[in-house]
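The residues making up each chain are set out below.
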Amino acid sequence: MTTKKIRPRVRDGILRALSAGVVPVQGLQFIQVGRAPEIKAMIRSVEAVADGSSVFKLIVGDYGAGKTFFLHLVRQVAFEHKLVTVHADFSPERRLVASGGQARSLYSELISNMATRNRPEGNALSGIIEMFVAQAIKDAEEKAVSADQVIEERLSSLQDLVAGWDFARVVASFCRGHEQGNESLKAAALRWLRGEFTTKTEARKELDVRTIIDDSNIYDALKLMTRFVTMAGYGGVFVMLDEAVNLFKIANSQSRTTNYEMILRILNDTLQSGAGAQNLGVLIGITPEALFDPRRGLCSYDALASRLAPNRFAEQSGLVDFNQPSIHLQNLTPEELFLLLGNIRNVFAGGDSDQYLIDDEGLKAFMNHCQKTIGAAYFKTPRETVRGFVNLLSMLEQYPAKHWRDFIEQVRIKEDRPSEHDIHDASESNMGGLENFKL
């Protein structure tokens, strides 16, 4: 447990997120426990991407088991290796393959959430392009040639990829707008790169290009973006897609199959470091049911089932092979959950142990209450346990005359299960801060 002081802004951000059942944007290092083998495996994957390889991983875990937290933790590791990350959740409006704009919507969300170490909150695309332009101008001055010439030479390799010519032309337009102070040209280029143009006519009028990023080519666009990001000086791109259960829930079997086929294409590309897939990592968060269901799950598609089959030697030995395309998150142990609650207590106190609102006896009493309420689910899928604990600390902070014993039995913890009617993860609901208490 760290004793490092925690800035109030970071503290408040962590606690707001945890009380809402979502992952904090910053400060994960203050609460992370367990998952050492999984993290070690992902560090190797991040290093491989930074070294020019490609990676595909399914992050498998039950609702509330920590898939999203783990993906965000990998983001932090990626930032440390000078990688760019993009992330989005699958939903009925965001898919890999569609005909009604859902795939383009997924791509737009990914690019809007593009992040770097200096811009972890997202919207990093314009800064990356400006970094590319600045380096091109510097090199042009050293070579005594025009910046346009250097930019054109560097972007020429993009033309080897699908739709690369137009992609390069749009980036060049942004560079020209940057040099000339033409904000409208820069804005049009960014709109195209984010997949926000809906018609080719509009794109041709504003940028003199014949194609746009639409439902038919978002994966090709991601590969182009990855190639460009490496030109700008970064190590590559990690694409993080969560809530793949929403693909499993697609009612139309043909639509569901076409999305699974795209996952197969991405898997094949990354396993073989196919054309344009270098320096690209893809992580997909999925539940065991959405992966293994024999009728509708990802493994119901035979080609994927064979590629995602576990290592039999590891299975027969009761071991785990973390080099496989899927990583199954191991449940936290009660001991690890105890450490997690201790870390949250520390965050609440801003890193000052003298300000702890509950002692170790209180932590154990809270865990015992959770076990009586929902059984082993309190540590196997700990999201609701964490929310309840943050709410308990909130009450102790607001009512300093009270003792934790006054609240323990009033904490209401429910097992974290998805609603049959709610297409999104449960983390997006129940946003209130104190609803677990009945005072």
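Overview of the structure. Residue positions within a chain follow its written sequence, with the count starting from 1. A pLDDT threshold of at least 70 governs which residues receive local features in this predicted model, and a stricter bar of 80 or more applies before side-chain atom pairs are shown or counted, although totals over entire chains, interfaces and linings include all residues. Hydrogen atoms and water are omitted, and side-chain values are computed over all heavy atoms in the structure.

1. Quick word on the packing of aromatic side chains
Moving on, step 1. Any two of the Phe, Tyr and Trp rings considered here, Trp counted by its six-membered ring, make a pair once their centres fall within 6.5 Å; the pair's planes then place it as stacked at under 30 degrees, edge-to-face at over 60, or tilted in between. For the structure shown, the criterion picks out 3 aromatic pairs.
Moving on, step 2. Relative to Trp192, the ring of Phe167 lies with its centre 6.1 Å away and its plane at 70 degrees, an arrangement referred to as edge-to-face. With Phe167 in helix 7 (residues 164-180) and Trp192 in helix 8 (residues 183-193), this residue pair connects regions lying 25 residues apart in the sequence.
Moving on, step 3. Judged by its relative accessible area of 3%, Trp192 falls in the buried class.
Moving on, step 4. To sit over a ring, a charge needs its Lys NZ or Arg CZ within 6 Å of the ring centre and within 35 degrees of the ring normal. Residue placement shows Arg296 over the ring face of Phe248; its charged tip is 5.6 Å from the ring centre. To qualify as a helix, a DSSP run of H or I must reach at least 4 residues; to qualify as a strand, a run of E must reach at least 2; elements of each kind are numbered from the N terminus. The buried label applies to any residue whose accessible area, calculated with a 1.4 Å probe on protein chains only, is under 20% of its type's maximum; exposed applies above 50%, and partly exposed to all values in between.

2. Quick notes on unusual backbone geometry
Most peptide bonds take the trans configuration, and most residues that are not glycine carry a negative phi.
Moving on, step 1. The residue Arg35 is not glycine, and still its phi comes out positive at about 60 degrees.
Moving on, step 2. On the secondary structure map, Arg35 appears in the loop between helix 1 (8-19) and helix 2 (36-50).
Moving on, step 3. Positioned with a positive phi, Ala163 is a non-glycine residue whose angle comes to about 65 degrees.
Moving on, step 4. Relative to the elements of secondary structure, Ala163 occurs in the loop between helix 6 (147-155) and helix 7.
Moving on, step 5. With a relative accessible area of 32%, Ala163 lands in the partly exposed category.

3. Section: a negative patch on the surface
Moving on, step 1. Taken together, the side chains of Asp148, Glu152, Glu153 and Glu179 present a region of like negative charge at the surface.
Moving on, step 2. Tallying contributions element by element places helix 6 first for the negative patch, with 3 residues.
Moving on, step 3. Given a relative accessible area of 45%, Asp148 falls into the partly exposed group. Within the patch definition used here, like charges are joined within 9 Å and nonpolar side chains (Val, Leu, Ile, Met, Phe, Trp, Tyr) within 5 Å, considering only residues with over 30% relative accessible area and no salt bridge. Method for areas: the Shrake-Rupley scheme with a 1.4 Å probe, in which residue coverage is limited to the protein chains shown. Whenever Lys or Arg places a side-chain nitrogen within 4 Å of a carboxyl oxygen from Asp or Glu, that contact is recorded as a salt bridge. For the purpose of charge, His is not counted, nor are the chain termini; Lys and Arg are scored as positive and Asp and Glu as negative. For the purpose of locating charges, the reference atoms are NZ of Lys, CZ of Arg, CG of Asp and CD of Glu.

4. Describing helix 5 (residues 125-143)
Moving on, step 1. The span you would expect from a helix comes to 1.5 Å times its residue count less one. With 19 residues, helix 5 extends 27 Å from end C-alpha to end C-alpha; this agrees with the ideal 27 Å at 1.5 Å per step.
Moving on, step 2. All of the buried residues along helix 5 are Leu125, Ile128, Ile129, Phe132, Val133, Ala136, Asp139 and Ala140. Projected down its long axis, helix 5 shows its buried positions confined to an angular sector of 140 degrees, all on one face. Of the exposed residues in helix 5, the ones pointing more than 90 degrees away from its buried face are Glu141 and Glu142.
Moving on, step 3. In this analysis, two residues are considered to be in contact whenever any of their non-hydrogen atoms come within 4.5 Å of each other. The secondary structure elements touched by the buried residues of helix 5 are strand 2 (84-89), helix 4 (102-112), helix 6, helix 7, helix 8 and helix 10 (218-231).
Moving on, step 4. Phi turns positive, to about 60 degrees, at Ala144, one or two residues after helix 5. Comment: arc refers to directions from the helix axis out to C-beta atoms.

5. Regarding the sheet that holds strand 1 (residues 54-60)
Moving on, step 1. If you trace the 5 strands from one edge of the open sheet to the other, you get 2-3-4-1-5, paired in parallel fashion. Edge positions in the sheet fall to strand 2 and strand 5 (326-328), since each of these pairs with one other strand and no more. Strand-to-strand twist of the sheet, defined as the mean angle between neighbouring strand axes without regard to direction, takes the value 15 degrees.
Moving on, step 2. Where strand 1 lies against strand 5, 3 bridges are found, and the strand directions are parallel. Considered in strand 5, the bridge of Ile59 is made with Ile327. Strand pairing follows a simple DSSP-based rule, namely that at least 2 bridges must link the two strands. Whenever a helix is involved, its axis is fitted only over the stretch in contact; in every case the axis is a line through C-alpha atoms, and angles between N-to-C directions fall within 0 to 180 degrees.

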